[in-house]
Amino acid sequence: QVQLVESGGGLVQAGGSLRLSCAASSTTLTGYAIGWYRQAPGKQREWVATISSGGSTNYADSVKGRFTISRDNAKNTVYLQMNSLKPEDTAVYYCARPLIYGTNQILGSWGQGTQVTVSS
């Protein structure tokens, strides 16, 4: 099973930026599609973005044009660059292998996630 570890969260003012990282602890990410997901307080976990093994990307409408998912296979890491952050982006962010693209259905289990808090 692929174990993924999220990092890079923090507190940022509205309009600011953060870059999240998703790293594999014991295996290569090359060849796997990876998705980013988030869960805000009191809400269901939702899909944010996906990058395929070949580098194709897809985004939820709520983040399109503001977030960019990318991968560096040499560093065995997938990133989520988040710009123009809004208070409604506040959530715990997770990365995982998608089971069904565009949904929160994943392969394996959820990790610890990384907290992103956007102040107004």
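Parameters and conventions
Once a new chain begins, its residue numbering starts again from 1 and follows that chain's sequence as written. Thresholds applied to this predicted model are a pLDDT of at least 70 for local features of residues and 80 or more for the giving and counting of side-chain atom pairs; totals over whole chains, interfaces and linings are not thresholded and use all residues. Excluding hydrogens and water, the side-chain figures rest on all heavy atoms present in the structure. Exposure is judged per residue with a 1.4 Å probe applied to protein chains only, and the accessible area is read against the type maximum: over 50% gives exposed, under 20% gives buried, and values in between give partly exposed. Strands here mean DSSP runs of E at least two residues long; helices mean DSSP runs of H or I at least four residues long; both are numbered from the N terminus. Each pair of strands is called paired provided DSSP finds at least two bridges between the two strands. Here, axes are lines fitted to C-alpha atoms. For helices the fit covers the stretch in contact, and angles between N-to-C directions go from 0 to 180 degrees. What counts as a disulfide here is a pair of cysteine sulfur atoms lying within 2.5 Å.

1. Here we look at the pairing of strand 4 (residues 34-39)
The element strand 4 is extensively covered by neighbouring structure, given that five of its six residues are classed as buried. Where strand 4 lies against strand 5 (residues 46-51), five bridges are found, and the strand directions are antiparallel. Residue pairing across strands places glycine 35 opposite threonine 50, the latter belonging to strand 5. Pairing of strand 4 with strand 9 (residues 91-98), which is carried by five bridges, proceeds in the antiparallel orientation. Across the sheet, the residue bridging to tyrosine 37 is tyrosine 94, located in strand 9.

2. Observations regarding the sheet that holds strand 7 (residues 67-72)
Across the sheet, which stays open at both edges, the four strands sit in the order 1-3-8-7 with antiparallel pairing between neighbours. Because the sheet does not close on itself, it has two edges, and the strands there are strand 1 (4-7) and strand 7. Across the sheet, the mean angle from the axis of one strand to that of its neighbour is 20 degrees, orientation sign disregarded. Pairing between strand 1 and strand 3 (residues 18-24): four bridges, direction antiparallel. Each residue of the ladder has a partner; that of valine 5, found in strand 3, is alanine 23.

3. Focus on the state of the cysteines
Within the structure shown, the criterion is met by one disulfide. A sulfur-sulfur distance of 2.1 Å marks the disulfide that ties cysteine 22 to cysteine 95. The sign of the 80 degrees torsion about the S-S bond sets the cysteine 22-cysteine 95 disulfide as right-handed. Here the residue cysteine 22 occupies a position in strand 3, and cysteine 95 occupies one in strand 9, the gap between them amounting to 73 residues. Looking at cysteine 22, the relative accessible area reads 0%, which means it is buried.

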